[in-house]
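Examination of the molecular architecture
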Amino acid sequence: MSKLQPVRGTRDIYGAEARNMAAVVETFRRVAGSYGFEDIATPIFEFTEVYKRPLGEASDIVSKEMYTFEDRGGEDITLRPEFTAGVCRSFISEGMQQNLPCRLMSNGPAFRYERPQKGRYRQFHQINAELLGQDAPEADVDIIAMAWRLLGELGLADKVVLELNTLGDKESRATYRETLVRYFEDHKGGLSEDSLRRLSSNPLRILDSKDDADKKIVATAPLMSDCLNEASRSFFERVKAGLEAVGVPYVHNERLVRGMDYYTHTAFEFVTTELGAQGTVLAGGRYDGLIEQLGGPATPGIGWAGGIERLAMLSKAGKTPARPIIIMPMGEAATLKAFEIAEDLRGIGAIVTSDRGGNLKKRLNRANKARARFAVIIGEDELSGGVVTLKDLDNGEQRQVSFADLAHSVKAGV
RNA sequence: GCGGGUAUAGUUCAGUUGGUUAGAACGCCAGAUUGUGAUUCUGGAGGCCGCCGGUUCAAGUCCGGUUACUCGCCCCA
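Residues numbered from 1 in each chain as written. Chains lettered and ligands numbered in written order. Predicted model: local features only at pLDDT ≥ 70, side-chain atom pairs only at ≥ 80, totals over all residues. Heavy atoms only, no water.

A few words on unusual backbone geometry. Of all residues except glycine, most have a negative phi; of all peptide bonds, most are trans. A cis geometry characterises the amide bond from leucine 100 onward to proline 101, with omega recorded as -5°. Positive phi, normally seen in glycine, also occurs at histidine 265, with a value near 50°. As for its placement among the helices and strands, histidine 265 is situated in strand β9 (residues 264–271). For histidine 265, a relative accessible area of 8% corresponds to the buried category. For arginine 371, which is not glycine, the phi dihedral falls at a positive 60°. Relative to the assigned elements, arginine 371 resides in the loop between α14 (360–369) and β14 (374–378). (Helix = DSSP H or I, 4+ residues; strand = E, 2+ residues; numbered from the N terminus. Buried < 20%, exposed > 50% of the residue type's maximum accessible area, 1.4 Å probe, protein only.)

If you want it as structure tokens, here you go:
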């Protein structure tokens with residue numbers, strides 16, 4: 001008996017989980033707003049080329065994780081696997097270079113065909129921030145400080161560590177890559193199968209390997225910091241100095257690399273040990289060549305993305321909604337009057353629903369399950385007397401209150 | 001794509017060395033009040049034991065396959 005269930009790697013989000021995720025998004029929008037970021041909502045699918053080119057043909061995302069299909073018009077379409085490329089496409093399409101810098105925030109689903117795991121889904125949700133048009137390292141500091149503030153407001157300052165690294169500019173990165181490949185070629189015999197594959201596809205990734213044999217070789221591998229040219233070195237120094245000035249703690253992790261090809265200079269990850277293998281909760285970096293690569297005007301950029309599910313699992317920031325008031329009209333005339341009463345109570349900010357079904361016993365029972373604070377009972381007796389019966393569901397006490405006094409009584413918490 | 005674990009009621013789980021009508025708790029429904037809940041009492045509904053096949057006189061239980069979930073690898077938010 002195959003049950004009707006959501007597609008593998010997708011799921012229904014409701015209840016406490018939905019509240020926690022909504023709280024992450026709300027906090028993000030408020031915090032990013034305070035740094036001058038404004039909303040942008042780009043389509044959740046784009047022409048495949050938009051993702052393929054910047055991410056790199058050989059990247060895992062492009063080579064095996066994208067949801068790509070041909071639509072009915074024969075267009076090659078891909079569901080967004082990440083936000084940055086789409087936002088940059090939008091920047092170009094809309095001619096935003098006229099008004100730099102752009103501070104753009106967005107949130108929503110992204111799609112990757114991966115094996116699901118705790119904190120990893122095929123449809124997952126991200127918050128995303130991009131700062132376009134500033135090439136100074138202080139922009140990196142701004143955007144990382146914003147992430148740190150967000151994490152703090154989510155109560156995660158103690159659960160998360162900022163790991164920071166630089167990939168250098170194009171030139172430094174190329175030099176390092178060569179140096180590294182040469183080193184690993186000399187130690188080929190000891191490398192794991194995965195790392196041998198990475199040697200040709202993404203040698204920097206080997207630095208991040210969890211294989212014990214690899215780790216030994218990596219331990220004595222040449223460092224990025226030894227291959228940085230002067231410009232890259234001073235860029236990184238200014239990022240670090242800025243972070244210290246603004247009070248964001250970090251650790252320099254020489255082994256931190258990025259999956260996407262388009263990153264340059266600053267790369268960072270906020271990681272936690274509380275989510276098993278999916279420890280990265282928010283990550284990003286600088287991507288100075290990306291917009292040009294997509295065919296736009298050369299424009300520097302830096303941004304990050306945070307996993308909403310992962311942040312929500314850690315922070316549990318969602319609040320249970322305020323307790324409702326439930327109106328229980330008995331009879332036709334009372335039912336009509338109840339509409340008016342309900343609207344009055346909503347007018348003072350209360351959460352109000354009406355329960356018109358079944359006997360009073362059933363309705364009170366349901367009210368109890370709904371965590372209701374008050375029941376407002378209105379039958380023929382009440383109606384003719386111009387009152388309602390206001391019942392406090394915590395202590396069981398009830399009394400008659402006139403229509404005119406009801407809102408006031410409820411507000412006073414009586 | 002690769003490896004480990006799990007699959008029994010709406011939910012969380014029991015279920016002996018294979019043995020006949022598969023259980024508990026919570027939840028749900030009804031009754032004990034005709035206009036008074038959350039407590040209490042009584043009763044009830046709800047399971048092709050994930051699916052397919054094999055071994056056996058006999059399978060929820062053993063074996064194989066499959067699917068889903070889950071943990072890890074890969075990769076990533």
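This brings us to the nonpolar core. The biggest cluster of nonpolar side chains holds 42 residues, and the ones touching the most others in it are Phe28, Ile127, Ile144, Phe270 and Trp304. Element by element, the count of residues in this core is highest for helix α5 (residues 137–153), at ten residues. Contact partners of isoleucine 144, with chain neighbours within four places excluded, come to Leu162, Leu164, Leu243, Val248, Thr266, Phe268 and Phe270. Phe91, Leu180, Phe184 and Leu204 belong to the second largest nonpolar core, which has 40 residues in total. (Core = buried A, V, L, I, M, F, W, Y, C linked by side-chain atoms within 4.5 Å. Contact = heavy atoms within 4.5 Å.)

Now for the environment of glycine 247. When you line up the elements, glycine 247 lands in the loop between α10 (230–246) and β8 (251–252). Overall, glycine 247 belongs to the partly exposed group, its relative accessible area being 45%. C-alpha of glycine 247 to C-alpha of serine 200: the two residues are 47 residues apart in sequence and 39 Å apart in space.

Pairing between the strands of a sheet comes from backbone hydrogen bonds, and it takes one of two forms, parallel or antiparallel. On the basis of which strands lie adjacent, the open sheet formed by five strands has the order β13-β12-β14-β15-β16 and mixed pairing. Strands at the two margins of the open sheet, each flanked by one partner only, are β13 (352–354) and β16 (398–402). Each strand axis lies, on average, 25° off the axis of its neighbour in the sheet, ignoring direction. Taken together, the five bridges between strand β12 (residues 325–329) and β14 define a ladder with parallel strand orientation. The residue of β14 that forms the bridge with isoleucine 327 is valine 376. Against the sheet, helix α13 (residues 332–347) contacts β12, β13, β14 and β15 (387–392), and its axis sits at roughly 165° relative to β12. Along the sheet, helix α16 (residues 403–411) contacts β12, β14, β15 and β16; its crossing angle with β16, the most-contacted strand, is approximately 125°. (Pairing = 2+ DSSP bridges. Axes fitted to C-alpha atoms, helices over the stretch in contact; angles between N-to-C directions.)

Glancing now at the pairing of β12. The element β12 is largely enclosed, with a buried count of five among its five residues. Two elements, β12 and β13, share three bridges in a ladder whose sense is parallel. Across the sheet, isoleucine 327 pairs through a bridge with serine 354, a residue of β13. Once the chain exits β12 it traverses α13 before rejoining the sheet at β13, and the crossover so formed is right-handed. (Right-handed = clockwise from strand over helix to strand, strands pointing away.)

So, about the packing of helix α1 (residues 15–34) against helix α12 (residues 308–315). Packing of α1 against α12 brings their axes to within 8 Å, and their N-to-C directions diverge by 105°. The angle between α1 and α12 falls in the class roughly perpendicular. Seen from α1, the contacting residues are Asn20, Met21, Val24 and Val25; seen from α12, they are Ile308, Glu309, Leu311, Ala312 and Ser315. The class makeup of the residues in the contact of α1 with α12 is six nonpolar, two polar and one charged. (Parallel < 35°, antiparallel > 145°, perpendicular 65-115°, else oblique. Nonpolar A, V, L, I, M, F, W, Y, C, P; charged D, E, K, R; others polar.)

This paragraph deals with the pattern of salt bridges. Inspection of the entire model under this criterion finds 19 salt bridges. Across the salt bridge formed by glutamate 340 and lysine 337, the nearest N and O atoms sit 3.1 Å from each other. A residue pair is termed a helical-turn pair when its members lie 3 or 4 positions apart in one helix, as glutamate 340 and lysine 337 do in helix α13 at three residues. According to the relative accessible area criterion, glutamate 340 is partly exposed, its value standing at 43%. For arginine 346, the salt bridge identified is with glutamate 343, shortest N-O distance 3.0 Å. Here arginine 346 and its partner glutamate 343 are both found in helix α13, three residues apart, which amounts to about one turn of the helix. Using a relative accessible area of 35% as the deciding quantity, one classes arginine 346 as partly exposed. When salt bridges with common partners are traced through the structure, they connect Arg323, Arg373, Asp392 and Asp394 into a single cluster. (Salt bridge = Lys/Arg side-chain N within 4 Å of Asp/Glu carboxyl O.)

A few words now on the domain arrangement of chain A. Under the domain assignment used here, chain A contains domain 1 (15–169 + 229–315) and domain 2 (325–411). The centre of domain 1, based on its C-alpha atoms, is set 49 Å off from the matching centre of domain 2. (Domains from an automatic or database assignment.)

Turning next to helix α7 (residues 193–201). Regarding α7, the residues found buried are Ser195, Arg198 and Leu199. Seen from one end, α7 has its buried residues packed into an arc of 115°, which puts them on one side. Pointing more than 90 degrees away from the buried face of α7 are the exposed residues Glu193 and Ser200. Packed against the buried residues of α7 are α6 (170–186) and α8 (212–219). (Arc of directions from axis to C-beta.)

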